[in-house]
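Listed here are the chains, written in short residue letters.
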Amino acid sequence: MPKSPMTKEEIENTRGRILDTALDIIIKEGFHNLSLRKIASRLGVTATTIYNYYANKDEINLMIRIRGFEKLYDLLTKRSVPFNDIEYKFKALIRAYIEFGLTNPSYYDIMFNLHTPKYLDYVGTEIEPLAYTEKQNALKCLSLFMEPISAYIPSQGKEKDHFVLYQIVKFWSDMHGLVTLKNSRLFHEVLDDVDTFVKERTEDVIGNIIKLKESFDEGEKLF
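Residues numbered from 1 in each chain as written. Predicted model: local features only at pLDDT ≥ 70, side-chain atom pairs only at ≥ 80, totals over all residues. Heavy atoms only, no water.

Chemist: What is the right way to look at the side chain of Asn137 in this model?
Modeler: Mapped onto the elements of the fold, Asn137 is located in helix α8 (residues 128–152). Overall, Asn137 belongs to the buried group, its relative accessible area being 13%. Sequence-distant contacts of Asn137, that is, excluding residues within four places in its chain, are made with Ile66, Phe69 and Glu70. (Helix = DSSP H or I, 4+ residues; strand = E, 2+ residues; numbered from the N terminus. Buried < 20%, exposed > 50% of the residue type's maximum accessible area, 1.4 Å probe, protein only. Contact = heavy atoms within 4.5 Å.)

Okay, structure coming up:
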């Protein structure tokens, strides 16, 4: 008897297994060592099978990144939606971002640390539309941080827009440092209680939100 067609769920599960396997290879061996043949070998299938789902390793790279930013967005919204108060919402976003990075280290690395191709690397190529989708998913996560901060500062105009973006990037660099240094275990080389330090430093980052409106009102120099 001919084999029954795969269900939609089976197809999605297979696509997910391919991405998970590719992510593991990228993390351990680097993007330059990723190939569809290597993925197929890990999964015990032929390379042709992989080509039925993804055209090349660049598509796989972008799909992993899209998947990662979808996971991040889902967690950020899940943690922040219950709060109407702007400060509490932003606090929830910061905690959620750090939670994501610490519990999904492989995804975090490919999204924020590894030298894998990103949107600008694909501009002018056939895969640019997919790369654009990946970038938009990333910017959706960024907008979740920008919206409450923008609402927190009542004034309008370009000066405010620059201020908000500058502050978000400052928060991002703090959060990224915490996640990356803990995941790399560098904190463990110099600190006796890493978890306590991360919690305290997270609260420091959160505490700075209260100063934002005051900084803007005082005309903080940005650039």
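Chemist: Is there a simple way to explain the nonpolar core in this structure?
Modeler: Nonpolar side chains in soluble globular proteins tend to end up buried together. By size, the foremost hydrophobic cluster in this structure holds 53 residues, and its most contacted members are Ile39, Ile60, Ile64, Leu76, Phe90, Ile94 and Phe145. If one sorts the elements of this core by residue count, helix α4 (residues 57–80) sits on top with eight residues. Ile64 has contacts with Leu19, Ala22, Leu23, Ile26, Tyr107 and Ile110, leaving out every residue within four places of it along the chain. Ranked by size, the runner-up nonpolar core spans five residues in total, among them Leu62, Tyr119, Ile127 and Ala131. (Core = buried A, V, L, I, M, F, W, Y, C linked by side-chain atoms within 4.5 Å.)

Chemist: Honestly, the environment of Glu87 in this entry has me stumped. Any pointers?
Modeler: Among the structural elements, Glu87 can be located in helix α5 (residues 86–103). C-alpha separation for the pair Glu87 and Lys118, spaced 31 residues apart in sequence, amounts to 32 Å.

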